[in-house]
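Here are the chains, one letter per residue:
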Amino acid sequence: MSERTPFIVGNWKMYKTVMEAREALTLLRVAVRDVNGVDCGVAPPFPALDVCADILAGSHIALAGQNLYPEDEGAFTGEVSAPMLKAVGATHVILGHSERRHLFGEDDALIARKVKAAVDRELVPILCVGETQEQREADETVAVVTTQLSRGLAEVKGAGLPNLVVAYEPVWAIGTGLSATPGQAQHVHALIRDFLGDLLGPTNAAQIRIQYGGSVKPDNAAELFAEPDIDGALVGGASLDPDSFAAIVEAAAR
Ligand code: PGA
């Protein structure tokens, strides 16, 4: 068994108004209250962060941003900075999600600046990497994932990153109901850990939590978490319902 505490984060994407977020998180807080041996967090849309921080006060559920812009402030219409996330109580931030990469054109250089901004402002980055279906079929999974990692971490290498979180999210598994099999995911997770060892040193690599993301549900979570290098999950669709998210958190605790 690894000594890494599993970490489950709910990525709410562009779902839930402030009122809906309040309702869901109030239920979730109660549902995971007595679950031990697992860390969890939620990443609500920006307008709901403040209300969510209030609901989470005194709980062990972490609050995460879904993105940031790598400047502290300025004329960047529509963007949110690391200090703004910190000020509202966020401790983590999802960066390089495939929807940011593919729908909003974010490249590795921009993501690297975001990772650096997060680390500089003491927000824990949850750096997402993953291959598309075409890349997997062309046998490029390892090359894609390691390139995303080395470029994404290019500006922070060696800067004491043991609490970095990496999320391996095969693009073909996100929101499709087609999860990677535990074996497929473990194979890539082990490669990621090896690669992080080369990049950041084996001690850091052994501490870094590598989440799996892509159609994680209550009924496939336990078998994924049984794999030695799968340290939890980044959960989209199934995190919107407090009961199903709590069931995934419980699966990680066992
Ligand atoms: P999904 O999304 O669980 O709905 O597949 C995962 C993610 O995009 O983080």
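Use the structure listed above.
Now for a look at the structure at hand. All values derive from a computational prediction rather than experimental measurement. (Residues numbered from 1 in each chain as written. Predicted model: local features only at pLDDT ≥ 70, side-chain atom pairs only at ≥ 80, totals over all residues. Heavy atoms only, no water.)

### Re the overall build of the chain
Phase 1 of the analysis: Each helix and strand in the chain was counted, giving eleven helices and eight strands.
Phase 2 of the analysis: For the chain, the proportion of its 254 residues judged to be buried stands at 54%.
Phase 3 of the analysis: In the chain, of all internal contacts separated by at least 6 residues, the share reaching a separation of at least 24 is 72%.
Phase 4 of the analysis: Accessible area for the chain stands at about 11,400 Å²; split by element, carbon and sulfur atoms hold 52% of it.
Phase 5 of the analysis: Here the chain contributes 20 positive and 34 negative side-chain charges, whose respective centroids are spaced 3 Å apart. (Helix = DSSP H or I, 4+ residues; strand = E, 2+ residues; numbered from the N terminus. Buried < 20%, exposed > 50% of the residue type's maximum accessible area, 1.4 Å probe, protein only. Contact = heavy atoms within 4.5 Å. Areas by Shrake-Rupley, 256 points an atom, 1.4 Å probe, with all protein chains shown as cover. Lys, Arg positive; Asp, Glu negative; His and termini not counted. Charge placed at Lys NZ, Arg CZ, Asp CG, Glu CD.)

### Considerations on the packing of helix H10 (residues 218–225) against helix H11 (residues 242–253)
Phase 1 of the analysis: Interhelical geometry of H10 versus H11 gives an angle of 20° and a closest axis separation of 9 Å. Considered as vectors, H10 and H11 are oriented roughly parallel to each other. Pair H10 / H11 crosses with right-handed handedness. Facing Pro218, Ala221, Ala222 and Phe225 of H10, the residues of H11 in contact are Ser244, Ala247, Ile248, Ala251 and Ala252.
Phase 2 of the analysis: Of the residues belonging to the contact of H10 with H11, the class tally is eight nonpolar, one polar and no charged. (Axes fitted to C-alpha atoms, helices over the stretch in contact; angles between N-to-C directions. Parallel < 35°, antiparallel > 145°, perpendicular 65-115°, else oblique. Left-handed = near helix turned anticlockwise from the far one by under 90°. Nonpolar A, V, L, I, M, F, W, Y, C, P; charged D, E, K, R; others polar.)

### A word on unusual backbone geometry
Phase 1 of the analysis: Residue glutamate 122 is not a glycine yet carries a positive backbone phi of 60°.
Phase 2 of the analysis: For glutamate 122, the position within the fold is in the loop between helix H5 (108–120) and strand E5 (124–129).
Phase 3 of the analysis: Positive phi, normally seen in glycine, also occurs at aspartate 139, with a value near 65°.
Phase 4 of the analysis: The topology assignment puts aspartate 139 in the loop between helix H6 (133–137) and helix H7 (141–152).

### Some thoughts on H7
Phase 1 of the analysis: Over its twelve residues, H7 extends 16 Å from the first C-alpha to the last, a length consistent with the 16 Å expected when each residue adds 1.5 Å.
Phase 2 of the analysis: Regarding H7, the residues found buried are Thr141, Val144, Val145, Thr146, Gln148, Leu149 and Gly152.
Phase 3 of the analysis: As for H7, its buried residues are in contact with helix H4 (98–103), H5, E5, H6, strand E6 (165–168) and helix H8 (182–200). (Expected span 1.5 Å × (residues − 1).)

### Structural notes on the pattern of salt bridges
Phase 1 of the analysis: Within this structure, the stated rule accounts for 14 salt bridges.
Phase 2 of the analysis: Here arginine 113 and glutamate 71 are joined by a salt bridge, their closest N and O atoms 3.2 Å apart. Highlighted residues: arginine 113 in helix H5 and glutamate 71 in the loop between strand E3 (61–65) and helix H3 (82–87), separated in sequence by 42 residues.
Phase 3 of the analysis: Of the residues examined, arginine 113 reaches a relative accessible area of 32% and is grouped as partly exposed.
Phase 4 of the analysis: Linking arginine 101 and aspartate 108 is a salt bridge whose minimum nitrogen-to-oxygen distance equals 2.8 Å. Considered together, arginine 101 and aspartate 108 belong to a single accessibility category, that of buried residues.
Phase 5 of the analysis: Here the salt bridges do not stand alone but share partners, grouping Arg4, Arg193, Asp229 and Asp231 into one network. (Salt bridge = Lys/Arg side-chain N within 4 Å of Asp/Glu carboxyl O.)

### Looking at the pairing of strand E7 (residues 209–213)
Phase 1 of the analysis: Burial of E7 is extensive: five of the five residues sit out of reach of the surface.
Phase 2 of the analysis: Both faces of E7 are covered, namely the face carrying Arg209, Gln211 and Gly213 and the face carrying Ile210 and Tyr212.
Phase 3 of the analysis: Bridge count between E6 and E7: four bridges; the pairing is parallel. Residue pairing for E7: valine 165 is matched across the bridge by arginine 209.
Phase 4 of the analysis: As paired elements, E7 and strand E8 (residues 232–235) share two bridges and run parallel to each other. (Pairing = 2+ DSSP bridges.)

### Some words on the site of the ligand
Phase 1 of the analysis: Taken together, 13 residues lie near the ligand, and Lys13, His97, Glu169, Gly175 and Ser215 sit nearest.
Phase 2 of the analysis: Within the side chain of lysine 13, an N or O atom sits 2.7 Å from an oxygen atom of the ligand.
Phase 3 of the analysis: Separating an oxygen atom of the ligand from a backbone N or O atom of glycine 237 is a distance of 2.8 Å.
Phase 4 of the analysis: Burial of the ligand by the protein amounts to 97% of the accessible area it has alone, namely 280 Å². (Near = heavy atom within 4 Å. Polar contact = N/O pair within 3.5 Å; in protein donor to acceptor, adjacent residues only side chain to side chain.)

### Considering the pairing of strand E4 (residues 92–95)
Phase 1 of the analysis: Neither face of E4 is exposed, since His92 and Ile94 on one face and Val93 and Leu95 on the opposite face are all buried.
Phase 2 of the analysis: Alignment of E3 against E4, held across two bridges, turns out to be parallel. Along E4, the bridge assignment pairs glycine 65 with valine 93.

Without other data, these values stay purely geometric and don't point to any function.
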